[in-house]
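Read off the chains here:
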Amino acid sequence: MRWILLLLLAWPGSRLPAQVVDFFLDPVGKPYYLLADDRFVTANRLGDTDYSWYDSSLGSPDYIDVTNPFQILVYYREYGTVVVLDRTLSELDRIDLFANELLQQPGAIARSYDDGMWVFDSWNYRLVRLDAEGRINQQTNNLRLELGLASAPDAIFVDRNAVMLYFAGEGRLAVFTNYGQFRHWVAVPPTARLSWNAPRLLGIGPDRETWLWSPELRQVAPVGPLPETLSAAQRILAGPKGFLSVGPTARELRATAFEEKN
């Protein structure tokens, strides 16, 4: 039996003038949108205009983290630049990872559980945790030697008690403790789209089959085919009970329930 729940959470104001290409949810469920023109926006509930962030010199961000809405991270990998924004998307700070003499070749990043930052150094294959002052307070051994890595990770995912390195080409996740100690590998199926909404990793295969994984699992859990109603969605996250998506231009968060198991 299949059942679909569609929940529209409308936000005040008019429709967004540019297409929504990605979205992010903070811990209380407030959505933030990345638009096709590289603007990063969120609703201002005190008025009709959006809060907005954009820097034409940096282009499109490679990573956005709204885990702490008072210190949002926006990362531009090519420039090694992390912009820190407040809850109105005003710039608080700008961190130049290339200028950090403790890092040789910063690659994927993620916010750490203690509001620091995990950075994978692609030069020496170390996973490094930086504190607010940019000092290293935790690092692994050379993971090329320890784990036999053939490439640097494409992304880092962080939950309260785990740090995961994702290797798209190898189809697997390396799971670490939040102190950087390796735990185990997790194999993931061929994936056309992947999204992280802590603590849930959602994969959508080329055949539209979906799966879920969270850090307490040793393998992914099949969910079933992606509902037809989501076939045109640009971005899909996993919530506690279903798929989360937004319309391409509407400021609406939509929840579509997972297929009910008989």
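This text goes with the structure placed above it.
Rules used in this analysis
- Numbering of residues starts from 1 in every chain and runs along the sequence as written.
- Reporting in this predicted model follows two pLDDT cut-offs: at least 70 for local features of residues, and 80 or more for side-chain atom pairs to be given and counted; totals over whole chains, interfaces and linings ignore these cut-offs and use all residues.
- Only hydrogens and water are set aside when side-chain values are computed; all heavy atoms of the structure are taken into account.
- Definition of nonpolar core: a set of buried residues of the types Ala, Val, Leu, Ile, Met, Phe, Trp, Tyr and Cys, connected through side-chain atoms within 4.5 Å.
- The buried label goes to any residue with under 20% of its type's maximum accessible area, the exposed label to any with over 50%, and the partly exposed label to all in between, with areas taken from a 1.4 Å probe on protein chains only.
- Where helices and strands are cited, they refer to DSSP runs of H or I of at least four residues and of E of at least two residues respectively, numbered from the N terminus.
- Throughout, a residue-residue contact means that at least one pair of heavy atoms, one from each residue, lies within 4.5 Å.
- Polar contacts, as counted here, are pairs of nitrogen or oxygen atoms within 3.5 Å of one another; within protein the pair requires one atom able to donate a hydrogen and one able to accept it, and residues that are adjacent in sequence qualify only if both atoms are side-chain atoms.
- Should DSSP find at least two bridges between two strands, the strands are regarded as paired.
- Comment: axis = line fitted to C-alpha atoms, over the contacting stretch for helices; angle = value between 0 and 180 degrees taken between N-to-C directions.

1. Focus: the nonpolar core
Core analysis: the largest hydrophobic core is formed by 28 residues, its most contacted members being Leu127, Ile156 and Leu165. Counting only elements with at least two residues in this core, the list comes to β7 (72-76), β8 (81-85), β10 (106-111), β11 (117-121), β12 (126-130), β14 (155-159), β15 (162-167) and β16 (172-176). Per-element tally for this core: the top contributor is β11, with four residues. With residues near it in sequence (within four places) discarded, Ile156 still touches Ala108, Ile109, Ala110, Trp118, Val119, Phe120, Leu127, Val163, Met164 and Leu165.

2. So, the environment of Asn197
Its location among the elements puts Asn197 in strand β18 (residues 193-197). Sequence separation of Asn197 and Thr256 is 59 residues, and the distance between their C-alpha atoms is 15 Å. Not counting residues up to four positions away in its chain, the partners in contact with Asn197 are Leu25, Leu237, Ala238 and Leu244. Polar contacts involving the side chain of Asn197 include one to the main-chain carbonyl oxygen of Ala238, which spans 3.0 Å.

3. As for the pairing of strand β23 (residues 242-246)
In terms of residue burial, β23 counts as a mostly covered element, since five of its five residues are buried. Pairing analysis gives three bridges linking strand β22 (residues 236-238) to β23, with the strands arranged antiparallel. Opposite Leu237, over in β23, you have Leu244 as the bridge partner. Bridge count between β23 and strand β24 (residues 252-257): five bridges; the pairing is antiparallel. What sits directly across from Leu244, in β24, is Ala255.

4. Looking at the sheet that holds strand β19 (residues 200-204)
Remark on secondary structure: sheet strands pair via backbone hydrogen bonds, oriented parallel or antiparallel. Read from one edge of the open sheet, four strands run β18-β19-β20-β21, paired in antiparallel fashion. Only two strands of the sheet have a single neighbouring strand rather than two, namely β18 and β21 (221-225). Adjacent strand axes in the sheet meet at a mean angle of 20°, parallel and antiparallel pairs treated alike. With five bridges joining them, β18 and β19 adopt antiparallel strand pairing. Bridging across to β19, Ser195 finds its partner in Leu202.

5. Structural notes on the pairing of β12
Taken across its five residues, β12 has four buried, putting it largely inside the fold. In this antiparallel pair of consecutive strands, β11 and β12, the connection spans four residues, and Tyr125 shows a positive phi of 55°. Both β12 and strand β13 (residues 136-139) contribute to a ladder of three bridges, which runs antiparallel. Residue pairing for β13: Leu130 is matched across the bridge by Ile136. Adjacent in sequence and paired antiparallel, β12 and β13 are bridged by five residues, among which Gly134 carries a positive phi angle near 85°.

6. A look at the sheet that holds strand β6 (residues 63-65)
Reading across the sheet, the four strands line up as β6-β7-β8-β9 and stay open at both edges, with antiparallel pairing between neighbours. Edge positions in the sheet fall to β6 and β9 (91-96), since each of these pairs with one other strand and no more. The mean angle between the axes of side-by-side strands here comes to 15°, regardless of whether they run parallel or antiparallel. Bridge analysis of β7 against β8 gives five bridges, and the strand direction is antiparallel. Each residue of the ladder has a partner; that of Ile72, found in β8, is Leu85.

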